[in-house]
Amino acid sequence: MKTDQQPLVTTARQLMAGKKGILAMDESTATCNKRFKAQGIPETEEYRRKYRELLVTTHGLEEYINGAILFDETIKQSTVAGDLFIDILVKKGIIPGIKVDAGTVSMAGFMGEKVTEGLDGLRERLAAYKKLGARFAKWRAVFSIGTNTPTVTCIKTNANVLAQYAALCQETGLVPFVEPEVLMDGGHSIEKCAEVTNQVLQAVFNALHRHRVNLEGIILKPNMVLPGIDHPIQNNNDEIARATIACLLNCVPASVPGIAFLSGGQPTLLATERLNAMHRLFNASLPWALTFSFSRALQQPALEIWKGNDANINAAQQSLLHRAACNHAACMGSYTPEMEKVIPNLIY
Ligand code: 5MM
């Protein structure tokens, strides 16, 4: 029996409302430790807890952020004063979500390609996360561009897995964030990225359709269409905005309420500038809300300020707030480089 879909649709719209974005703070333990190591921060559960406390207790975050994606460890953690992070988010009006994939593994027979795992027992895990207070979930599939990749088999396999995950989420009453990421590593051109992103998104929406997923109750979390980091031609922001929007208009049905980009390792300011360019050029003509669901492009400057030191918490929070404010402005096409010069504790 189908669950009542209206709450899903309402949550998806709430997540995309008011030109606000999503804070992705769902780094797995390995990824979080890798980022800590680069800053000389102890790679322990307590330091991960302290860092996530810094993020969720940032005063005013809700002015720019509608939702936060948590990780299994984080959704059960509390502040040093004993308040569950999830309760703090809800009190601020930020909708809690949870990453539910179990990461990627090599795809047998397809050298260099990955498939995302985590479907086993997913129905039960989703129910448990819903009980803890999550209202949406997230699953990421990754595709590398190489001479002969991604293959059709890799694309179809991951698309089917994403669709099964999305159907299970909707059955549970959680909004699925569907995240097919075409990586920016490599020497390919922007045209190649556009071709592959088109192919991937078409396969994903085809699979969602076959799995009877209600598109009004999902959020798409895609990559921007970018040249590979090693390609000699690095396109300007307007070219990237045009290529990205052309691809999305070609592949994403208007019934999808929102698209929230990942940042994918782009330099922090460029991610903001490119989102801004999309709104400056296309805002009035887009059928879906278009926003950000960044991890690194929101958090990295804050992490570099914090460095694991309590004395830096306030400055790190101001930095997070500032990036959130800049990206909120980008969602209105009103971001300017001058915003980077102001003291970052203003509410814009
Ligand atoms: C935080 O990174 C997430 C994946 O973490 P793991 O690889 O540790 O599982 C990732 O899903 C993230 O939410 C999105 O890719 C967006 O992050 P970026 O840094 O690309 O904006």
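Residues numbered from 1 in each chain as written. Predicted model: local features only at pLDDT ≥ 70, side-chain atom pairs only at ≥ 80, totals over all residues. Heavy atoms only, no water.

## Brief notes about the site of the ligand
What counts here: The criterion for a residue being near a molecule or strand is simple. One of its heavy atoms has to lie within 4 Å of it. Here a polar contact means two N or O atoms within 3.5 Å. Within protein one must be a hydrogen donor candidate and the other an acceptor candidate, and residues neighboring in sequence count only if both atoms are side-chain atoms. We get accessible surface area from the Shrake-Rupley algorithm with a probe of 1.4 Å; when it comes to residues, only the shown protein chains can shield them. Runs of E in the DSSP output that reach at least two residues are strands. Runs of H or I that reach at least four are helices, and both are numbered from the N terminus. All residues other than Ala, Val, Leu, Ile, Met, Phe, Trp, Tyr, Cys, Pro, Asp, Glu, Lys and Arg, Gly among them, are scored as polar; the first ten of these are nonpolar and the last four charged.
As a matter of local geometry, the ligand sits amid 18 residues, with Ser28, Thr31, Lys138, Ser263 and Gly264 nearest to it. Contacts to the ligand include Glu179, whose side-chain N or O atom sits 2.8 Å from an oxygen atom. Its free accessible area being 500 Å², the ligand has 91% of it covered by the protein chains. If you list the elements that add at least two residues to the shell around the ligand, you get strand S6 (136-143) and strand S7 (175-182). For the shell around the ligand, the per-class residue count stands at three nonpolar, six polar and nine charged.

## A short note on the sheet that holds strand S9 (residues 258-261)
Short version of the rule: Strands are treated as partners if at least two bridges between them are detected by DSSP. The contact criterion used is simple: two residues touch if any of their non-hydrogen atoms lie within 4.5 Å. Lines fitted to C-alpha atoms define the axes here, with helix axes fitted over just the stretch in contact, and angles between the N-to-C directions of these axes take values from 0 to 180 degrees.
Pairing within the open sheet is parallel, and its eight strands lie in the order S1-S2-S3-S6-S7-S8-S9-S10. Of all strands in the sheet, those with a lone pairing partner are strand S1 (21-24) and strand S10 (289-292), marking the two edges. Sheet contacts for helix H1 (residues 6-15): S1, strand S2 (65-70), strand S3 (95-99), S6, S7 and strand S8 (219-220); angle to S7, the most-contacted strand, approximately 55°. Helix H11 (residues 296-306) rests against S1, S2 and S10 of the sheet, and its axis sits at about 55° to S1.

## Digging into the pairing of S10
Here S9 runs beside S10; their pairing, made up of four bridges, is parallel. What sits directly across from Ile259, in S10, is Leu290.

## Considerations on the packing of helix H2 (residues 29-39) against H11
In plain terms, the rule: Here the word oblique covers every angle except those under 35 degrees (roughly parallel), over 145 (roughly antiparallel) and from 65 to 115 (roughly perpendicular). Handedness of a crossing is defined here by the sense of rotation of the near helix relative to the far one, left-handed for an anticlockwise turn of less than a right angle and right-handed for a clockwise turn.
Contact geometry of H2 with H11 gives a least axis separation of 10 Å together with a crossing angle of 40°. Considering the angle they form, H2 stands oblique to H11. The hand of the H2/H11 crossing is right-handed. Facing H2, whose interface residues are Arg35, Phe36 and Gln39, H11 presents Arg296, Gln300, Leu303, Glu304 and Trp306. Residues belonging to the contact of H2 with H11 are distributed by class as follows: three nonpolar, two polar and three charged.

## What to know about the environment of Leu262
In plain terms, the rule: Throughout this description, buried means an accessible area under 20% of the type-specific maximum (1.4 Å probe, protein chains only), exposed means over 50%, and partly exposed covers the range between.
Mapped onto the fold, Leu262 is located in the loop between S9 and helix H10 (268-282). Look at Leu262 and you get buried, because its relative accessible area is 6%. Apart from the residues within four sequence positions on either side, Leu262 is in contact with Glu179, Glu181, Lys221, Pro222, Asn223, Ser293 and Phe294.

## Considerations on the pattern of salt bridges
The line we're drawing: Each reported salt bridge corresponds to a side-chain nitrogen of Lys or Arg within 4 Å of a carboxyl oxygen of Asp or Glu.
Tallied over the full model, the rule gives 18 salt bridges. In this structure, the salt-bridge partner of Lys99 is Asp26, at a minimum N-O distance of 3.2 Å. One end of the pair, Lys99, is in strand S3; the other, Asp26, is in the loop between S1 and H2, and 73 residues separate them in sequence. Using a relative accessible area of 5% as the deciding quantity, one classes Asp26 as buried. In this structure, Glu73 engages Arg48 in a salt bridge whose closest nitrogen and oxygen atoms are separated by 2.8 Å.

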